[in-house]
Amino acid sequence: MATRKVIITCAVTGSIHTPSMSPHLPVTPEQIADQAIEAAEAGAAILHLHARDPKDGRPAFDPTTYRQFLPRIHAATDAVINITTGGAVTMTLDQRLAGALDVSAEMASCNMGSMNFAIFPILEKMKTFEHDWEQVYIEGTRSAIFRNTFADIEQIFERLGRAHGTRFEFECYEVGHLYNLKHFVDRGLVTGPIFLQFVLGVLGGIGADPENLVHMKHIADKLFGERYQWSVLGAGRHQMPLVTQAALMGGNVRVGLEDSLMSGPGRLATSNAEQVRTIRGVLEALGMAIATPDEARQMLGLKGRDKIRLG
Ligand code: KMH
Ligand code: ZN
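Reading the values: rules and limits
Starting from 1, residues in each chain are numbered consecutively following that chain's sequence as written. As a convention, the first chain written is A and the first ligand written is 1, with the rest following in written order. Per-residue local features of the predicted model are confined to residues with pLDDT of at least 70, and side-chain atom pairs are confined, for both listing and counting, to 80 or more; whole-chain, interface and lining totals are unaffected and use all residues. For side-chain calculations, the full set of non-hydrogen atoms in the structure is used, while hydrogens and water are omitted. A helix here means a DSSP run of H or I that spans at least four residues, while a strand means a run of E at least two residues long, and both kinds are numbered starting from the N terminus. We compute the radius of gyration over the C-alpha atoms and compare it with the globule rule, which gives 2.2 Å times the number of residues raised to the power 0.38. Only protein chains enter the accessibility calculation, which uses a 1.4 Å probe; a residue whose area is less than 20% of its type maximum is buried, one above 50% is exposed, and one in between is partly exposed. By definition in these notes, contact holds between two residues if any of their heavy atoms fall within 4.5 Å. Only the protein chains shown count as covering a residue, and every accessible area follows the Shrake-Rupley method with a 1.4 Å probe. Only four residue types enter the tally: Lys and Arg on the positive side, Asp and Glu on the negative side, with His and both chain ends excluded. Just so you know, the charge point we use is NZ for Lys, CZ for Arg, CG for Asp and CD for Glu. The rule for donors is simple: an N, O or S atom within 2.8 Å of the metal counts, and for Na, K and Ca the reach is 3.2 Å. Water is not among the atoms, so a site may look short of donors. Buried Ala, Val, Leu, Ile, Met, Phe, Trp, Tyr and Cys residues form a nonpolar core when they are joined through side-chain atoms within 4.5 Å. Between N-to-C directions, angles span 0 to 180 degrees; the directions come from axes that are lines fitted to C-alpha atoms, helices contributing only their stretch in contact. In these notes the angle categories are as follows: under 35 degrees is roughly parallel, over 145 is roughly antiparallel, 65 to 115 is roughly perpendicular, and the rest is oblique. Note: crossing handedness is left-handed where the near helix turns anticlockwise from the far helix by less than a right angle, and right-handed where it turns clockwise. Basically, the charged four are Asp, Glu, Lys and Arg, the nonpolar ten are Ala, Val, Leu, Ile, Met, Phe, Trp, Tyr, Cys and Pro, and anything else, Gly included, counts as polar. The criterion for a residue being near a molecule or strand is simple. One of its heavy atoms has to lie within 4 Å of it. We define a polar contact as two N or O atoms separated by no more than 3.5 Å, with the added condition that, inside protein, one atom must be a possible hydrogen donor and the other a possible acceptor, whereas residues neighbouring each other in sequence contribute only through side-chain atom pairs. Definitions used throughout: a 1 Å grid over protein atoms alone; a cavity as a set of points that fits a 1.4 Å probe which cannot get out; a pocket as an open set with protein on both sides within 12 Å along at least five of seven lines; a lining residue as one with an atom within 4 Å of a point. Any molecule with more than half of its atoms within 2 Å of a cavity's or pocket's grid points is counted as sitting in it. Grid points are joined across faces, edges and corners, and a volume is the space filled by probe spheres set on the points.

A count of helices and strands for the chain gives 11 helices and 12 strands. Whereas a compact globule of 311 residues would reach a radius of gyration of roughly 19 Å, the chain reaches 18 Å, a difference of no more than 12%. Over its C-alpha atoms, taken along the principal directions, the chain stretches across nearly 50 × 40 × 40 Å. Taking all 311 residues of the chain together, 58% fall into the buried category. Partitioning the contacts of the chain with sequence separation of at least 6, the portion at a separation of at least 24 is 75%. Put simply, the chain shows about 12,500 Å² of open surface, and 54% of that area lies on carbon and sulfur atoms. Each charge class in the chain was averaged separately, 30 positive and 34 negative side chains, and the resulting centres sit 3 Å apart.

Now the structure itself:
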């Protein structure tokens, strides 16, 4: 029987964690590029990328900032570049789409419903802040709504999906998001192999209990039949248990400092590549193999790295 190929996605920096939470979180263009390339060399087939302001590490959206690191990553690896459309809860939809539109991305995230996306409880553990913006930003998640209305999602499908042939990592934070996606499939706005990303353990989304992953998978089977690939990310301390469970259940995996700063109980990961190596070791110990970027492109129906605007 052929060895199962597993897609490792690495989410390099995101917009959840702030510089004071870990000295290893990449925030400058050099750090983001270095760690993305290292993660690809460690086995990540897909690199999920956000931009950050080089001055103080706050989430950024302007294409010029993305272009301070994307060309180097594109030149150094054949990994799939997956650009966020989630950005940060403080951004408008236009701001959130700017990076992926500018480069005509092969892949982008698409968040399948509005929700609370709370990280404020971490303030209880944070005593000092490198930058003034951090405390305000984190506290702001107590009252912010991460907006992804049906109209917003329609716009993402039209402006990125149809116009650029960009395909999506559908972020599903709770069971209802699967039904939202099915609504779009039924309308013919989502075609080809579906790539579900089950997101567990975010405060505001479904909890990180193993039975929730089993249930989400069960509902996905019911709604999408065989026509989908799926992956799991677990937030924070839930990362490795949940991606290991995903591997055992036949899924793909997503790691990276965007979603967890840890490399084990109470230990900060020193890089994205460290987390990629950890899950790669688990997968290979289970007799699985790592999908290459081109195998991932084939599995997900992507347009090819030569079709993006990065020189
Ligand atoms: N940070 C993850 C929980 C996005 O960038 O659009 C989901 C995510 C969303 O990566
Ligand atoms: Zn993201």
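More follows now that the structure is in view.
Okay, the coordination of the zinc ion (ligand 2) next. Here the zinc ion (ligand 2) is held by the protein donor atoms H48 (NE2), H50 (NE2) and E258 (OE), which lie 2.0 to 2.1 Å from it. Positions of the donor residues of the zinc ion (ligand 2) along the chain correspond to the pattern H-x1-H-x207-E. Highlighted residues: H50 in the loop between β3 (46-49) and β4 (51-52) and E258 in the loop between β11 (252-255) and α10 (272-285), separated in sequence by 208 residues. Residue class for H50 comes out buried when judged on its relative accessible area of 5%. Using a relative accessible area of 6% as the deciding quantity, one classes E258 as buried.

Here we come to the nonpolar core. Judged by nonpolar contacts, the single largest core of 74 residues is most densely connected at L47, L49, F170, L196, F198 and F224. In terms of nonpolar packing, the next biggest core, distinct from the first, is built from 19 residues, V27, F117, Y173 and A269 among them.

Running from amino to carboxyl end, helix α8 (residues 210-224) crosses helix α9 (residues 239-248) at an angle of 40°, the nearest separation of the two axes being 10 Å. Classified by the angle their axes make, α8 and α9 are oblique. For the crossing formed where α8 meets α9, the hand is right-handed. Seen from α8, the contacting residues are P210, L213 and V214; seen from α9, they are L242, Q245 and A246. When its residues are assigned to classes, the contact of α8 with α9 shows five nonpolar, one polar and no charged.

A separate point is the site of ligand 1. By nearness alone, 13 residues border ligand 1, and T84, S109, N111, R254 and E258 come closest of all. One of the side-chain N or O atoms of T84 is found 2.6 Å from an oxygen atom in ligand 1. Its free accessible area being 310 Å², ligand 1 has 96% of it covered by the protein chains. Its atoms largely coinciding with the cavity grid, ligand 1 occupies the largest cavity. When grouped by side-chain class, the residues that make up the shell around ligand 1 number three nonpolar, six polar and four charged.

The rolling of a water-molecule-sized probe over the atoms marks out the regions of remaining empty space. The volume enclosed by the largest pocket comes to roughly 960 Å³. Forming the walls of the largest pocket are 32 residues, and the residues nearest its centre are H17, I119, I122, K125 and G236. Its boundaries defined by the atoms lining it, the second largest pocket holds a volume of some 300 Å³. Lining the second largest pocket we find 17 residues, and of these G161, F168, L189, V190 and T191 sit closest to its centre. Those elements giving two or more residues to the lining of the second largest pocket turn out to be α6 (150-164), β8 (167-172) and β9 (194-200). No other element matches α6, which puts five residues into the lining of the second largest pocket.

Here we come to empty space enclosed by the protein. Counting across every chain of the model gives two cavities of 30 Å³ or more. When its volume is computed, the largest cavity comes out at roughly 280 Å³. Contributing to the lining of the largest cavity are 24 residues, with S15, I16, F117, Y173 and E258 lying nearest its centre. Residue composition of the lining of the largest cavity, grouped by class: 11 nonpolar, nine polar and four charged. Looking at the second largest cavity, its volume works out to about 30 Å³. Surrounding the second largest cavity, A60, F61, Y66, T84, G87, M91, Q95, R96 and G99 form its lining. Of all the elements, helix α4 (residues 93-103) adds the most residues to the lining of the second largest cavity, at three residues.

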